[in-house]
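# Commentary on secondary and tertiary structure
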Amino acid sequence: IRQMIDPTDVTKFDRTTDELQEFWLFCITVAGKTAVQQAKNLEAFLSKGRAEFPGFTTPFQVVSVLNMSGVLVDHLKDARLGQYTKLEKAFTGSLGIDLATCSVADLEAIHGVGAKTARYFMLHTRKAQRIACLDTHVIRHMRDLGLTTQKGTPQSGPKYEALEQEFLKLADASGMSPADFDLMIWNKYARKA
């Protein structure tokens, strides 16, 4: 039985290839959107693709066959995933990536993928990652603590890296792993949104 992504409980270090692919597609689709809704929309997208093309079951197989058939964007629209051009490029750009061994840089090289998305995936799929997904909830938490005046996620580079180090200090001080600390913040602030 396939399980839809649960945005409140995303940390899992023993994902199968299928689960890695679905979580990666979720990471791409959730950027700037409501996580619970995007999880449902992604599930609808994959289910429709599997129904239309039986035998293509893994998420990347579904994306590939939809792309080769010229209907990828139509399916993205039907599932109401938003940002269709960006998602089309990011989904198809992901097809050659080995998600079990790739690096943050490999993921950031995909069109439309930035530091936040790449780190979110790595943080919640691989043990002992010393990185931060600086999403709006983490930035808000850091702002509430007076650690930044930043309103949104900074671009890759020195500003991102400086805030990432502050996040890691907070995680260490809490006694939590960066992944657990990130999820705790997300669950706290997502409820307030």
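Description of the structure in this document. (Residues numbered from 1 in each chain as written. Predicted model: local features only at pLDDT ≥ 70, side-chain atom pairs only at ≥ 80, totals over all residues. Heavy atoms only, no water.)

### Some remarks on the overall build of the chain
This is how the line gets drawn: Numbered from the N terminus, helices here are DSSP runs of H or I no shorter than four residues, and strands are runs of E no shorter than two. Our radius of gyration is a C-alpha quantity, and the globule rule it is checked against amounts to 2.2 Å times the number of residues to the power 0.38. Here the term buried applies to any residue with accessible area under 20% of the maximum for its type, exposed to any over 50%, and partly exposed to those in between, with areas from a 1.4 Å probe on protein chains only. Surface exposure here means Shrake-Rupley accessible area, sampled with a 1.4 Å probe, where a residue is shielded only by the protein chains that are shown.
Helix and strand content of the chain: 10 helices and zero strands. Sequence-ordered secondary structure for the chain, helices as α and strands as β, is α-α-α-α-α-α-α-α-α-α. Computed over its C-alpha atoms, the radius of gyration of the chain comes to 17 Å, within 12% of the 16 Å expected for a compact globule of 193 residues. Reported as C-alpha extents along the three principal axes, the dimensions of the chain are approximately 50 × 30 × 30 Å. By the burial criterion, 47% of the 193 residues in the chain qualify as buried. For the chain, the accessible area works out to roughly 9,400 Å², and carbon and sulfur atoms hold 51% of it.

### Brief notes about the nonpolar core
The criterion, for reference: Here, nonpolar core means buried Ala, Val, Leu, Ile, Met, Phe, Trp, Tyr and Cys residues that are tied together by side-chain atoms lying within 4.5 Å of each other. Two residues qualify as a contact provided that any one of their heavy atoms is within 4.5 Å of a heavy atom in the partner residue.
Formed by 44 residues in total, the largest nonpolar core has its most connected members in W24, F26, F45, F91, L107 and F121. Put simply, the parts of the chain that give this core at least two residues each are α1 (17–30), α2 (35–52), α3 (59–68), α4 (72–78), α5 (84–94), α6 (104–108), α7 (115–125) and α10 (178–192). Here the element with the most residues in this core is α1; it accounts for eight residues. What F91 contacts, discounting residues up to four positions off in sequence, is L25, I28, T29, L42, F45, V63 and L76. The next biggest cluster of nonpolar side chains, apart from the first, holds 15 residues, and it includes M142, Y160, L163 and A171.

### A few points about the pattern of salt bridges
Convention followed: Salt bridge, as used here, is a side-chain nitrogen of Lys or Arg placed within 4 Å of a carboxyl oxygen of Asp or Glu.
Applying the stated criterion across every chain, the model contains six salt bridges. Across the salt bridge formed by K48 and D78, the nearest N and O atoms sit 2.4 Å from each other. Here K48 is found in helix α2, whereas its partner D78 is found in helix α4, with 30 residues between them in sequence. Its relative accessible area of 36% is what places K48 among the partly exposed residues. In this structure, a network of salt bridges that share partners links the residues E108, R119 and E164.

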